[in-house]
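# An overview of the molecular structure
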Amino acid sequence: MPAQSHDNQRQSQSDATDVILTGDRPTGPLHLGHYAGSLRSRLTLQGRCAQTLLIADLQALTDSSGRAAHVARHVPEIALDYLAVGIDPAQTTIAVQSRLSALAELTVLYLNLVTVARLERNPTVKAEVELRGFERDIPAGFLCYPVSQAADITGFRATLVPVGDDQLPMIEQTNEIVRRVNRLAGAPVLPECRALLSDTPRLPGVDGRKASKSVGNAIPLTATTDEIHRLVQAMYTDPNHARASDPGRVEGNVVFAYLDAFDPDQATVQELKERYRGGGLGDVALKRRLEGVLEALIAPIRVRRAELESDRAYVMDVLRAGSEHAKVTTEAVLRDVRAAFALDA
Ligand code: TRP
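### Overview of the overall build of the chain
- Along the backbone of the chain there are 15 helices and five strands.
- Along the first, second and third principal axes, the C-alpha atoms of the chain reach 75 × 45 × 40 Å.
- Partitioning the intrachain contacts of the chain with sequence separation of at least 6 by distance along the chain shows that 79% fall at a separation of at least 24.
- Working note: accessible area of the chain is about 15,700 Å², and carbon and sulfur atoms make up 54% of it.

Next comes the structure, spelled out in structure tokens:
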């Protein structure tokens with residue numbers, strides 16, 4: 001979809017009274033999947049609604065306690081990624097989860113409203129437990145991270161959460177907690193929230209599998225021209241499309257998945273799909289087009305990031321100011337929730 005209609009769709013799903021909160025675990029650099037899935041919506045919403053981006057370092061520790069230094073190092077890296085894509089701290093608050101002790105206290109209170117069985121049923125947590133091979137040795141903090149995420153969301157009284165579809169179970173659990181708190185309080189002290197899903201289906205890695213930092217099949221937001229070239233060349237297309245004249249498959253073709261997500265000229269992409277299906281369009285020409293599209297997208301991000309990297313003090317200031325601002329908001333929410341638990345004496 002062209003950039004313009006992405007914009008229109010997002011405008012129609014949000015309104016100026018929405019409060020937006022979303023977050024990222026600081027475990028590695030953000031990549032194009034994050035851009036298509038979430039960063040792009042945040043840029044569109046910026047300035048239209050109150051928006052906070054939370055760098056979720058405590059959540060990252062729930063499955064990476066052995067990599068604490070790695071997580072800490074990535075906090076400013078995520079901030080750099082945000083700023084480089086165009087997140088403006090004058091319009092969007094960037095805060096660090098671990099600096100907001102109200103979120104930790106909200107988590108402790110909410111844990112009383114959730115059963116272990118309910119946590120074990122969360123399909124995202126289930127899938128992650130399997131992926132990480134925890135088996136029966138699940139860190140308790142990991143099992144409970146949906147509750148901490150509910151604290152993140154409600155701590156800002158967020159109404160709209162731009163996330164991938166894997167996060168839908170978190171939204172559902174958050175709303176269950178919200179209803180329980182409101183029942184305890186006898187008043188609607190917290191709003192329910194809804195997910196803002198991206199209209200880009202999950203972007204595959206260059207090999208067609210799930211994009212992952214550790215596999216090296218994702219395109220980093222800061223990729224150099226050479227890296228873009230190498231990764232686009234490595235993209236999975238259609239193994240039966242040996243000659244340009246052969247008919248080719250568009251479905252499952254990674255190059256088309258990226259053109260769908262990023263090419264500003266979607267009318268041409270549709271024509272290219274027809275030509276590819278009919279035979280008469282080679283992978284070389286197609287990949288050349290995608291390289292151009294990605295270079296145009298990434299080059300300004302790369303330049304801006306390099307500038308910011310030489311001004312770390314500015315990045316630290318952004319995090320300090322954003323977290324201070326968020327502290328005020330989250331502490332006000334905590335006061336209301338404490339009162340719901342009769343703890344306001
Ligand atoms: N769980 C999210 C992820 O893994 C990150 C996150 C933490 C988050 N807190 C949040 C997302 C609050 C939305 C709202 O990507």
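### Structural notes on the site of the ligand
- Around the ligand sit Leu 21, Thr 22, Gly 23, Arg 25, Ala 56, Gln 59, Gln 149, Asp 152, Ile 153, Val 161, Val 163 and Gln 167, and those are all the residues in its vicinity.
- Between the ligand and Gln 59 there is a distance of 2.7 Å, counted from a nitrogen atom to a side-chain nitrogen or oxygen.
- Between a nitrogen atom of the ligand and a side-chain N or O atom of Gln 167, the distance comes to 3.1 Å.
- Relative to its unbound accessible area of 370 Å², the ligand is 88% covered by the protein chains.
- Here the shell around the ligand is composed, by residue class, of five nonpolar, five polar and two charged.

### Considering the packing of aromatic side chains
- One pass over the full model with this rule turns up five aromatic pairs.
- Ring geometry for Phe 134 and Phe 142: centres 5.3 Å apart, planes at 70°, overall edge-to-face. The same class applies to Phe 134 and to Phe 142, which are both buried.
- Among the aromatic residues, those joined into a ring-pair cluster are Tyr 35, Tyr 258 and Phe 262.

### So, the confidence of the model for the chain
- Considering every residue of the chain, the mean pLDDT works out to 92; 96% of them sit at 70 or more.
- Per-residue pLDDT stays below 50 along residues 1-5; that stretch engages in seven contacts with residues further than four places along the chain or on separate chains.

### Overview of the pattern of salt bridges
- Evaluation of the coordinates by the stated rule reveals 25 salt bridges.
- Among the salt bridges present, the one from Asp 63 reaches Arg 132, with a minimum N-O distance of 2.3 Å. Here the residue Asp 63 occupies a position in helix α3 (residues 57-64), and Arg 132 occupies one in helix α7 (residues 123-132), the gap between them amounting to 69 residues.
- A residue is classified by how much of its surface remains accessible, and Arg 132, at 29% relative accessible area, is partly exposed.
- A salt bridge links Arg 305 to Asp 81; the shortest N-O distance between them is 2.8 Å. Here Arg 305 is found in helix α14 (residues 283-309), whereas its partner Asp 81 is found in helix α4 (residues 68-85), with 224 residues between them in sequence.
- For Arg 305, a relative accessible area of 6% gives the class buried.
- On the basis of relative accessible area, Asp 81 is assigned to the buried category, the value being 2%.

What counts as what
- Residues numbered from 1 in each chain as written.
- Predicted model: local features only at pLDDT ≥ 70, side-chain atom pairs only at ≥ 80, totals over all residues.
- Heavy atoms only, no water.
- Helix = DSSP H or I, 4+ residues; strand = E, 2+ residues; numbered from the N terminus.
- Contact = heavy atoms within 4.5 Å.
- Areas by Shrake-Rupley, 256 points an atom, 1.4 Å probe, with all protein chains shown as cover.
- Near = heavy atom within 4 Å.
- Polar contact = N/O pair within 3.5 Å; in protein donor to acceptor, adjacent residues only side chain to side chain.
- Nonpolar A, V, L, I, M, F, W, Y, C, P; charged D, E, K, R; others polar.
- Phe/Tyr/Trp six-rings, centres within 6.5 Å; stacked < 30°, edge-to-face > 60°.
- Buried < 20%, exposed > 50% of the residue type's maximum accessible area, 1.4 Å probe, protein only.
- pLDDT = per-residue confidence, 0-100.
- Salt bridge = Lys/Arg side-chain N within 4 Å of Asp/Glu carboxyl O.

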